[in-house]
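# What the coordinates show
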Amino acid sequence: MNQQSRFIIVITFLLAGICSSCTTRRYAVSKRAERLSSKLGVQVTPKDNLELYDMVAGWLGTPYRMGQSSRKGTDCSGFVSVVYKNVYGKELARSSAAMLRLNCRPVRNRAKLREGNLVFFHTTPNSKLPSHVGIYLKDRKFAHASSSRGVTISSLDESYYRSRWLSGGVVK
């Protein structure tokens, strides 16, 4: 066997190894996205921010506890703050009103929301200040800590949230 033949064999094995490891990684990422889709009820793809979806999935079902921000219990702004710090490395204000005022550039049009944007609602009667916040995922779905259901996924199209919509927010 000459030197050129050995070179071709070595290159072939290297390429085969590289290609198979890429395929294995793609398969693992695809399976992860499938698992998250099933758990969250949102179609997650390998192109989405899987770290965000993993974090949300880990908090699902956490009970609502006013003023708290742990997996034993959390309120809406506590949940959003913890997720943002862990996924994006950003510190946010601790109340929904302060988050919108201090940390966000408003997005009034719901059609312009993108994964990771915040969504704000006024749930207090006769108030136009945000009193509830969640994290937009995709397909008009958002993650938040509901006072009745704990951390959950809801739709912007639900009548309760549609009637209380205030703004979206791109975190600065």
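Preceding this paragraph is the structure being described.
Sequence positions are assigned chain by chain, starting from 1 and proceeding in written order. Predicted model: local features are reported for residues with pLDDT of at least 70 only, side-chain atom pairs are reported and counted for 80 or more only, and whole-chain, interface and lining totals are derived from all residues. As a rule here, side-chain values cover all heavy atoms of the structure and leave hydrogens and water aside.

Moving on: the pattern of salt bridges. The rule for a salt bridge is simple: a side-chain nitrogen of Lys or Arg has to be within 4 Å of a carboxyl oxygen of Asp or Glu. Inspection of the entire model under this criterion finds seven salt bridges. Here R94 makes a salt bridge to D75, at a shortest N to O gap of 3.0 Å. Of the two residues, R94 sits in the loop between α3 (76–88) and α4 (96–103) while D75 sits in the loop between β2 (73–74) and α3, which places them 19 residues apart along the sequence. The buried label applies to any residue whose accessible area, calculated with a 1.4 Å probe on protein chains only, is under 20% of its type's maximum; exposed applies above 50%, and partly exposed to all values in between. You can call D75 buried: its relative accessible area is 7%. Put simply, DSSP H or I for four residues or longer makes a helix, DSSP E for two residues or longer makes a strand, and each gets a number counted from the N terminus.

Among all positions in α4, only S96, A98, M99, L100 and N103 are buried. Every residue pair with non-hydrogen atoms within 4.5 Å of one another is taken to be in contact. Packing partners of the buried residues in α4 comprise α3, β3 (104–107), β4 (118–121), β5 (132–138) and β8 (165–171).

Moving on: the nonpolar core. To qualify as a nonpolar core, a set must consist of buried Ala, Val, Leu, Ile, Met, Phe, Trp, Tyr and Cys residues joined through side-chain atoms within 4.5 Å. By size, the foremost hydrophobic cluster in this structure holds 36 residues, and its most contacted members are F79, V80 and L118. Those residues in contact with V80 that sit more than four places away from it in its chain are L92, M99, L118, V133, G134 and I135. Counting nine residues, the second-largest nonpolar core is a separate cluster that includes V107, F121, L156 and W165.

All right, on to the packing of helix α2 (residues 50–59) against α3 then. Where α2 meets α3, the axes come as close as 10 Å, and the angle between the chain directions of the two elements is 145 degrees. Between α2 and α3 lies a crossing of right-handed hand. Of the residues in α3, those in contact with E51, L52, M55, V56 and W59 of α2 are F79, V82, V83, N86, V87 and Y88. Charged residues are taken to be Asp, Glu, Lys and Arg, nonpolar residues to be Ala, Val, Leu, Ile, Met, Phe, Trp, Tyr, Cys and Pro, and polar residues to be all remaining types, Gly included. The residue inventory of the contact of α2 with α3, partitioned by class, reads nine nonpolar, one polar and one charged. Note on definitions: angles span 0 to 180 degrees between N-to-C directions of axes, and those axes are lines fitted to C-alpha atoms, for helices only across the stretch in contact. Handedness of each helix crossing follows the sense of rotation of the near helix against the far helix: counterclockwise by less than a right angle gives left-handed, clockwise gives right-handed.

With that settled, the discussion passes to the side chain of H132. Summarising the element assignment, H132 is placed in strand β5. Other than its neighbours up to four places away in sequence, H132 contacts C76, S96, V119, F120, F121, T123, H144, A145 and Y161.

Aromatic rings from Phe, Tyr and Trp, with only the six-membered ring used for Trp, were paired whenever their centres fell within 6.5 Å, and each pair was classed as stacked if the ring planes differed by under 30 degrees, edge-to-face if by over 60, and tilted otherwise. Summed over the entire model, instances satisfying the criterion amount to seven aromatic pairs. Judged by centre distance (5.0 Å) and plane angle (85 degrees), the rings of Y160 and Y161 are edge-to-face. Connected via pairs of aromatic rings, a cluster forms that spans F121, F142, Y160, Y161 and W165.

In terms of burial, strand β6 (residues 141–146) is a largely internal element, five of the six residues being buried. Where β5 folds back onto β6 in an antiparallel hairpin, the turn is made up of two residues, including D139, whose phi is positive at roughly 50 degrees. Where β6 lies against strand β7 (residues 150–155), six bridges are found, and the strand directions are antiparallel. Each bridged residue has a counterpart across the sheet, and for H144 the counterpart in β7 is T152. For two strands to pair, DSSP has to find at least two bridges joining them.

Moving on, we get to α2. Counting buried positions along α2 gives seven out of ten residues, so the element sits mostly inside the fold. Considered for burial, the residues of α2 that qualify are L50, L52, Y53, M55, V56, A57 and W59. Here a polar contact means two N or O atoms within 3.5 Å. Within protein one must be a hydrogen donor candidate and the other an acceptor candidate, and residues neighboring in sequence count only if both atoms are side-chain atoms. Capping the start of α2 is the job of one residue whose side-chain oxygen sits 3.2 Å from the backbone nitrogen of E51: N49. Where α2 terminates, the next one or two residues include G61, which has phi positive at roughly 85 degrees.

If you trace the six strands from one edge of the open sheet to the other, you get β3-β8-β4-β5-β6-β7, paired in antiparallel fashion. Each having just a single partner strand, β3 and β7 make up the two edges of the open sheet. Here the average twist between neighbouring strands, direction ignored, is 35 degrees. The pairing of β3 with β8 spans four bridges and is antiparallel. Residue V107 lies in a different strand from β8, and its bridge partner there is G168. Sheet contacts for α2: β5, β6 and β7; angle to β5, the most-contacted strand, approximately 130 degrees.

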